[in-house]
Structures are given as C-alpha cells and as structure tokens.
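Here is how the chains run, residue by residue.
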Amino acid sequence: MSLHGSFLSVEQFQCSICLDVFTNPSSTPCGHSFCMVCISRYWDGCKLCQCPLCKRTFQKRPDLQINRTLREITDQFKSMKGGGEGGREKRGGKGGGGNAGVSDDFFYEVKKLPRPPPKRPSTPTPPSQSDTIPTSLQPITTALASSVPNPSPISSLASELQTGHTPNVVSRPSGRRRFTLSGAESMRSLSVCDVHHRGIMIYCRTDRVCICPDCETEDHQGHDTVAVETQWMENKAQLSVSQQEVQELIRQRVRKIEETRMSVAELQLAVEQKTAGSVRLFSALVSAIERSQAELLEVMEINRRAAQHQANATIRQLELEVEELRRRESLLNKLAQSDDHIHCVKTFPVLSSPPPTNDWSGVSVNSDLGMSTVCRSLAALVDRFQEDLKKITEKGFPAPGLEPSPVRTQPRMKRVQEYALDVTLDSSTAHPRLMLSEDMKSVRCGERHRLLPDNPERFDRVVCVLGREAISSGRHYWEVEVGGKTDWDLGVSKQSVNRKGKIEYTPGNGYWFLSLRDKSKYAFRSEPSTDVHLNLRPHKIGIFVDFEKGQVSFYNVDAKIHIYTFNDTFTECIVPFFSPCTNKSGKNDVPLVITPVNMTE
C-alpha cells in the first residue's frame, strides 16, 4: 500500500462517550478504549459495570489504568493533525475537515523524509528497495494497530511501515547536514514548529534558539547551526561543572542556615540568661533601694530624736531662766508698790542688776538633714539609667548584615499615646455614695448615700460610674491615677449594661476591666477570673481600646509595661468604666483621677 494512500481518521481516536479525541485513554478488559474520566463517570452509581460498546458485564468494577502507549500516539496524532491541515491549506491542498487525513505530515516527521515540492500531484512515490524501517518504530505501529477500536486503517499503516524501506539516515535537500532517526523516543519528544509544522531538530548558536529545517532556510542562513543533539552533547560536557558550582552554592547556604539557626539558639539562651540576670539584678536593686531607704529613714529618725533632745534641753533651760526672770519681775512690782523707802533703797540695787543668763542668739535647731546630696546623686543615676533604657527600647539590638526585622522594636506605650481621649465622668450614672469633682475628672467613695434622682442610668448597688465618651469605632487611650488606693476597678463596658440590682461583671455581660483588691491582688474579670502577679505596683494605669479589633489593653504607665489585653468582639458602643470601690473606713479614701496624657514621653 502506498504511504500517500494511508489516512488516519479522527474516528480512530474518538471516545465513544464524549465523542472527542481521547484524553488519558483507558482500555477495558474487553479491549475497548475510552477517556479515563468518561468511563469512570459512566460507571459511577452502577451496581454492575458494562462496556458502553459491547455491553459486556463485569461482576467487579475493573481497576482501570491509563493506556500510556495509546495516549502517546493520540498526543502525536493531535499535533500532526493540526500541522497537516495548516500545511495543506497553505500549499493549496484540500482543506482539512473532521475526517481529514494527516498521513503526509505524519510520515514526513516520523521518518524524516524530504517533503515533495508544493503544488505537485499527490501521486505517491513508492519507497526504494534500499529503505528500511527502524526497529524502534515497530512496537509503536503494533500498538497503534491494537489500541484503536476500528483497526482497519491502522493495520494498513502498520503493514506499510513494516514492509516499507526507509533509510536510517536521510540527507536534507541542501546537502549541508545529515539527521538521524532516534526511533520511538524521538517521535514522542519531537516538538513541532508553530510556523512550518515541521520537527524542531536544529539549534542556531547565533540566535540561541531551536528551529526546524525550514526556519534555517528562511531566517537563519549563514548562521552557526548544529543539530540539537550535538549542541546538547557539548552542553552536557559543561553540565558537571555547573552542577558542582550549584552544589557548592547549596553547601554554602546550608552552612549559613545552620550557623543562623545556631546563632538563634545561642541568642535564645543568651536572652534567657540575661532575663534571669536582669530579674536578679533588679530584685537586688529593689532590695538595695529598700534597705537604703530603711537606713535613710533610720538616720533621719535618729537625727530627729537628737534634735528633739537638744531642743527639749534648750527649752528646759530657757524655761528656768524665764521662771527666774518672772520671779524678779514680781519682786520689782512689789518694790514699786512699797511705802518703806528704806527697804526700797536697800533692795533696789540687788533687784536692778540682771540675773545671770545665757546668750541664746546663736542657738537654733538645724532642720537640714543633709539629704540634698543623696537625692541629687540618686536622681542623676535614675535619669542616666532611663536614658540608656530608652535608647535600647527604641532601637533594639540590630544584627549587622541582616534585613530589618518587621517585629516592632519600640514599646507600644509610644504608640498608644497618639490616640489620647479626653475622658470625663457622667454624673447621671454615678452611684449615690460616689463624690465627683467639679471638673468631672476624679471620683471617690463617701460614707453615706446622697439624695439623688433614681434615674435608669444610675447604678444603685455597686459603687461605679461611667464616662461620657461613647466609643463606636477607632482607637482611644486614657490614663487614670490609682496610687495610694487599696481597691479599684478600671476598664470599659457596653453602653447598654444593666445598672440596677446585682450584676455579674464579666465580658459576657458587657464588662472588660482590671481590678485591685487588698493593695496587691490584681485580677482580670474574665470567665473565670484571672489572677495576675505584678512585680511593680502601678501608680497610673493606661487603658487602650481598639474597637475594630475588639481589644482592651492595660499598661503600667510609669514603668511603660504592658499588663494585659482582652480580645473580644464589640457589637455596640462602649464607654469608660470606673469604680473607686468602698472607702474601707478611710483606708481607700484616695480618689481615682483621670490625668492628661503626657505626649512627650
């Protein structure tokens, strides 16, 4: 049979379910082939699986696998089909319909035969007796013939390939280069030129591109061109050097990764050691300060007692002198009233001379305890320490040669001050025992209830008061002075909270605040309550609210330390919440004071 008389029809590569060219073809035990997805969906939900063509029933659903040989032939057919039709249209041949053959381009590319000149009669030329088919094509032709449902045209193609004579090496018409046929593997890996629809077999060193023979003739004449296989063999010789270079780069980076990890581990260890050391240092410093304070108080008490003793002795002596002077004054008064002139004349010289007394003009009690020098020295040390600490907290400890860390190095206190809110107290919500200042900036608890209107906004059981400023969006910050108090509650609450009767002050009921009880017991009113231990007793509390994130944070303002953050979801307006608690018979009489936010710190 003639090569030009053989045609591959689309029907041989069609799935009978989707009526399209095979995609991942799979063959059933009865020998019919379908798309893997099509036959799987066809059998889904079926109790008995049947072949869609021959209706053979399988008691157990077959475990299908992709027919790789048929898939490779189908993929090659798809590429040859597109190229062949385009080539015929350009050369004035017959247009490619649904059943148009692709045998010409298929065999020219697979066997590397020279193409006939355009517009020649399509009468095929039988192959010469010296041509031989490579043995590597025989398995493909056999598989092609056995994998398609209707094998008659494929059998003709296989027969022709097995009986034809094709040389292993075919010269190009120009005679410049010889190309070899690498068998079935070359047919599978052969790429097709998008312009000329021919196999890409040449590498142009001048333009550094892979091209087909027609591209070389039209666009790359005079360029340095070689076969792709030849170029690859040259590149392959350099491959080991490139691999060694890449491997060395990998080794360097792996070493750097290990070094970095070890450095991080060492840093973690150093941080733990320094943390423990700093805790010990500050504890020792606090102990030393407390001891020094005790010693200083003791010295001042001793000095006070000595000065008191000296003052008492001086006062006693002065009292004796005053007593003597008053006695003499009494005698002089009697002498002035006496009618005995002789007695007066004799006595007056004795009474008129001043009694022996001390000169008290240079005597005084010294109130200067000598504290000025100590206080100045301590203040200078504290200022220098805070300056060094500020530099560290703002700049951190940057590592040389590394990218800047996205982790915040500045303390958050520096940032929240930008959201300062001018908070005032709402007198209409205050419990009757609470005493508010005229500027509505401070509140303390009195001894007795005042006669106030029992409006719905007022708390009647718990001594607390709300702020006027309702928060419905954004970020806000305010500070409250709590120094000297033994008990207090600070935070925020929903604007719609119940004000009457007994109330559970928990986040579930719309309250988020920090509490102090008995001078040292700090707790967060969560569910259940969460105790917290603070090494430094705060004198001023900062409250920061981020409405969108649902966060309420508390800070020790003086120490610039974050204490705690509530995370929740705010569904309505919230307001500042204050409770000075009861005055504990005067022990907790100090007020809560809303102070201005210092923007310069």
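Up top is the structure.
Let me sum up the structure you'll find in this document. (Residues numbered from 1 in each chain as written. Predicted model: local features only at pLDDT ≥ 70, side-chain atom pairs only at ≥ 80, totals over all residues. Heavy atoms only, no water.)

**Describing the overall build of the chain**
Now for step 1: Secondary structure assignment for the chain yields 11 helices and 22 strands.
Now for step 2: Taking all 601 residues of the chain together, the buried fraction comes to 35%.
Now for step 3: In the chain, once contacts between residues fewer than 6 apart in sequence are set aside, the share between residues at least 24 apart is 60%. (Helix = DSSP H or I, 4+ residues; strand = E, 2+ residues; numbered from the N terminus. Buried < 20%, exposed > 50% of the residue type's maximum accessible area, 1.4 Å probe, protein only. Contact = heavy atoms within 4.5 Å.)

**Examining the pairing of strand β21 (residues 574-579)**
Now for step 1: Across the six residues of β21, six count as buried, placing the element largely inside the fold.
Now for step 2: Sheet analysis places strand β12 (residues 465-466) next to β21, joined by two bridges and oriented antiparallel. Bridge pairing in β21 links Leu466 to Phe577.
Now for step 3: Pairing of strand β14 (residues 488-494) with β21, which is carried by six bridges, proceeds in the antiparallel orientation. Bridge pairing in β21 places Gly491 opposite Phe577. (Pairing = 2+ DSSP bridges.)

**Structural notes on the nonpolar core**
Now for step 1: In this structure, Trp478, Trp488, Val545, Val552 and Phe578 are the most contacted members of the largest nonpolar core, which totals 34 residues.
Now for step 2: Counting residues in each nonpolar core, the second largest holds 13 residues, with Trp43, Cys49, Phe58 and Leu64 among its members. (Core = buried A, V, L, I, M, F, W, Y, C linked by side-chain atoms within 4.5 Å.)

**Quick word on unusual backbone geometry**
Now for step 1: Its identity is not glycine, yet Cys581 carries a phi of approximately 60°, on the positive side.
Now for step 2: Of note, Cys581 is situated in the loop between β21 and β22 (592-595).
Now for step 3: Positive phi outside glycine occurs at Ser585, with the angle close to 60°.

**Here we look at the side chain of Thr74**
Now for step 1: Note that Thr74 resides in helix α2 (residues 68-90).
Now for step 2: In this structure Thr74 touches Phe13, Val21 and Phe22, once residues within four positions along its chain are discounted.

**A few points about the pairing of strand β11 (residues 442-445)**
Now for step 1: Bridge analysis of strand β10 (residues 434-436) against β11 gives three bridges, and the strand direction is antiparallel. Looking across to β11, one finds that Met435 is bridged to Arg444.
Now for step 2: In the sheet, β11 pairs with β22 via two bridges, with the strands oriented antiparallel. From the neighbouring strand, Ser442 faces β22, where its bridge partner is Val593.

**Focus: the sheet that holds strand β17 (residues 530-532)**
Now for step 1: Read across the sheet, six strands follow the order β12-β21-β14-β15-β16-β17 without closing on themselves; strand pairing throughout is antiparallel. Only two strands of the sheet have a single neighbouring strand rather than two, namely β12 and β17.
Now for step 2: Relative to β17, strand β16 (residues 521-524) runs antiparallel, the two sharing three bridges. Of the residues in β17, the one forming a bridge with Ala523 is Asp531.

**Considerations on the state of the cysteines**
Note: disulfide means a covalent bond formed between the sulfur atoms of two cysteine side chains.
Now for step 1: Considering all chains together, one arrives at zero disulfides under this definition.
Now for step 2: Cysteine Cys35 remains unbridged, with the sulfur of Cys18 as its closest cysteine sulfur at 3.9 Å.
Now for step 3: In this structure Cys35 comes out as buried when scored by relative accessible area, which is 4%.
Now for step 4: Free of any disulfide, Cys204 has its nearest cysteine sulfur in Cys210, 9.8 Å distant. (Disulfide = S-S within 2.5 Å.)

**Concerning the sheet that holds strand β19 (residues 551-556)**
Now for step 1: In spatial order, the strands read β10-β11-β22-β13-β18-β19-β20; together these seven strands make up an open sheet with antiparallel pairing. The sheet is open, and its two borders are formed by β10 and β20 (561-567), each paired with just one other strand. For this sheet, the mean inter-axis angle between neighbouring strands, taken without regard to orientation, is 20°.
Now for step 2: Summarising the sheet, β19 and β20 pair through six bridges and their orientation is antiparallel. Across the sheet, the residue bridging to Phe554 is Tyr564, located in β20. (Axes fitted to C-alpha atoms, helices over the stretch in contact; angles between N-to-C directions.)

**Considerations on the pattern of salt bridges**
Now for step 1: Overall, the coordinates contain 18 salt bridges when judged by the stated rule.
Now for step 2: As a salt-bridge pair, Glu324 and Arg327 come within 2.6 Å of each other at their nearest N and O atoms. In this pair, Glu324 and Arg327 both sit in helix α8 (residues 228-337), three residues apart, roughly one turn of the helix.
Now for step 3: For Arg327, a relative accessible area of 44% translates into the label partly exposed.
Now for step 4: Between Asp422 and Lys441 there is a salt bridge, with its nearest N and O atoms 2.4 Å apart. Pair noted here: Asp422 is in the loop between α11 (413-416) and β10 and Lys441 is in the loop between β10 and β11, with a separation of 19 residues, a long-range link. (Salt bridge = Lys/Arg side-chain N within 4 Å of Asp/Glu carboxyl O.)

As far as function goes, none of this settles anything; it's purely spatial.
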